[in-house]
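This is what each chain is made of:
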Amino acid sequence: GRHLGSVRPPFKTDLKPDDAFCFLLVKHGFLFAMGVGKDVWIWAVKEQEEMEFNSGPDFNIQFRLKGHYSTVLCCDMDKQGHVMTGSHDAQVRLWNLGPDLRDRTNRVACHNQHGNPVTAVQLLWPLGVSASSG
């Protein structure tokens, strides 16, 4: 592949210039980045038909999800705006953000019965599947 562009967190952060996110997910028009720190960064990706010919994708920051106590290792999302995250803190969190990922009024569900870091999640609404190592 070719390098299409770079995105930077628009918030003050502890990220260093050489930090790299270890997990990226592009799904339903959003880019999720995690693996550096406790947050999940979310950008909206401009639709292909809206982009100029031969230009790279356009990323507009949505926000970041905060709530885990350790490095976020994985995430998944469905079309209704449910986002599931798994972390090194052995927690799975389910965020209900709505289809445009802007509704922050709904509560977050947290499952903390994993004894080890959560390394994979898959959201099959109304079910969520998670796995941990160890």
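Note that this is a predicted model, so its numbers are computed, not measured.

### Quick look at the overall build of the protein
Along the backbone of the protein there are 0 helices and 10 strands. Helices and strands in the protein line up, N terminus first, as β-β-β-β-β-β-β-β-β-β. Buried positions account for 37% of the 134 residues belonging to the protein. Here the contacts in the protein between residues at least 6 apart in sequence split such that 43% fall between residues at least 24 apart. Accessible area for the protein stands at about 8300 Å²; split by element, carbon and sulfur atoms hold 49% of it.

### Focus: the pairing of strand 7 (residues 92-96)
Here strand 7 lies mainly inside the structure; 4 of its 5 residues are buried. Pairing of strand 6 (residues 82-87) with strand 7 involves 5 bridges; the strand directions are antiparallel. The residue bridging Val83 from the neighbouring strand is Trp95, located in strand 7. Hairpin connection from strand 6 to strand 7: 4 residues lie between these consecutive antiparallel strands, with Ala90 at a positive phi of about 70 degrees. Here strand 7 pairs with strand 8 (residues 109-111) via 3 bridges, running antiparallel. Paired with Val92 across the two strands is His111, which belongs to strand 8.

### A short note on the sheet that holds strand 8
Taken in spatial order, the 4 strands of this open sheet run 5-6-7-8, and their pairing is antiparallel. In this open sheet, the two edge strands, each paired with only one partner strand, are strand 5 (72-77) and strand 8. Pairs of neighbouring strands in the sheet enclose a mean axial angle of 15 degrees, with direction left out of account.

### Regarding the pattern of salt bridges
Under the counting rule described, the total for this entry stands at 2 salt bridges. For the salt bridge of Lys27 with Asp76, the shortest nitrogen-to-oxygen distance reads 2.6 Å. With a gap of 49 residues between them, Lys27 in strand 1 (residues 23-27) and Asp76 in strand 5 connect regions that are remote in the sequence. Residue Asp76 is classed as buried on the basis of its relative accessible area of 7%. Two residues, Arg64 and Asp39, come together in a salt bridge whose shortest N-O distance is 3.3 Å.

### Remarks on the environment of Ser132
Tracing the backbone shows Ser132 in strand 10 (residues 127-132). We classify Ser132 as partly exposed; its relative accessible area is 34%. For the pair Ser132 and Gly115, spaced 17 residues apart in sequence, the C-alpha to C-alpha distance is 7.8 Å.

Procedures and definitions
Residues numbered from 1 in each chain as written. Predicted model: local features only at pLDDT ≥ 70, side-chain atom pairs only at ≥ 80, totals over all residues. Heavy atoms only, no water. Helix = DSSP H or I, 4+ residues; strand = E, 2+ residues; numbered from the N terminus. Buried < 20%, exposed > 50% of the residue type's maximum accessible area, 1.4 Å probe, protein only. Contact = heavy atoms within 4.5 Å. Areas by Shrake-Rupley, 256 points an atom, 1.4 Å probe, with all protein chains shown as cover. Pairing = 2+ DSSP bridges. Axes fitted to C-alpha atoms, helices over the stretch in contact; angles between N-to-C directions. Salt bridge = Lys/Arg side-chain N within 4 Å of Asp/Glu carboxyl O.

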